[in-house]
Every structure is written in C-alpha cells, then in structure tokens.
Amino acid sequence: MPRIRNDRNDSIDQLFRGILALRDVEECYRFFGDLLTVQELSAFAQRLQVARMLSEGKTYEAIRGEISTSSSTITRVNTELRYGSGGYKLVLERLKEEDSE
C-alpha cells in the first residue's frame, strides 16, 4: 500500500488533479517551472532516471558513472522499486509503451 495514502488530503488531491489536467510536455514545463525550483525538478527527474537504469539491470557503479547521484539516492529508489507501491514501475512501463508507438 502506498505510504502517501496515509497522508491523503484535499490539497494533495487537488495537486494530483492539477497534474492530471496538464495536456502536454510544454504545459508540464510551465506548471512545474512555477511549482518547483530547478534543483527540485532536477532531483525528481534524476530519481526517475535512476529507476529506469535500475530496471534495466544497471549496477550502482554503472549508474554513478553515467549520472552524478549519491549511493543513498540509488538505494532509496531501488528500495521503492522493490518494495514500494509500484509507481515507478507503472510510469516506466507507460513511458516504454509510449516510446514504442
């Protein structure tokens, strides 16, 4: 069960509904550019990149060789991939489907 579900509230629901209302990548750039700092956005993007690399079977060393990230970030993402709510896997599968179309 997702841990975030324990903290569910109207403001988080509104944020997620707002994200789902975005129509394309350009709208995402506009919204997330207002919502997050460059560093925050980069950190989120990096976590997804790490998740993709881990799901492809890359080692921690290989990942650190390709992108500048800490072992603790890789470990955290790996833990979520293995024991989390499946969010990373869901997004990675959908991105793969989209890329193959």
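Up top is the structure.
Let me sum up the structure you'll find in this document. (Residues numbered from 1 in each chain as written. Predicted model: local features only at pLDDT ≥ 70, side-chain atom pairs only at ≥ 80, totals over all residues. Heavy atoms only, no water.)

Further remarks concern the nonpolar core. In a soluble, globular protein the nonpolar side chains are often hidden away together inside. Residues Val-50, Ala-51, Met-53, Leu-54, Ile-63, Ile-67, Ile-74, Val-77, Leu-81 and Leu-92 constitute the largest nonpolar core, which totals 10 residues. Listed by contribution, the elements that provide at least two residues to this core are α3 (38-55) and α5 (71-83). For this core, the element with the most residues is α3, which contributes four residues. Setting aside residues no more than four positions away along its own chain, Ile-63 makes contact with Val-50, Met-53, Leu-54, Lys-58, Thr-69 and Ile-74. (Core = buried A, V, L, I, M, F, W, Y, C linked by side-chain atoms within 4.5 Å. Buried < 20%, exposed > 50% of the residue type's maximum accessible area, 1.4 Å probe, protein only. Helix = DSSP H or I, 4+ residues; strand = E, 2+ residues; numbered from the N terminus. Contact = heavy atoms within 4.5 Å.)

This next bit is on the pattern of salt bridges. Inspection of the entire model under this criterion finds three salt bridges. Here Asp-13 and Arg-8 are joined by a salt bridge, their closest N and O atoms 3.1 Å apart. Across the pair Glu-66 and Lys-58 runs a salt bridge whose closest N-O atoms are separated by 2.9 Å. Take Lys-58: its relative accessible area is 28%, and that puts it in the partly exposed class. (Salt bridge = Lys/Arg side-chain N within 4 Å of Asp/Glu carboxyl O.)

Spatial relationships are all this shows, so hold off on functional conclusions.
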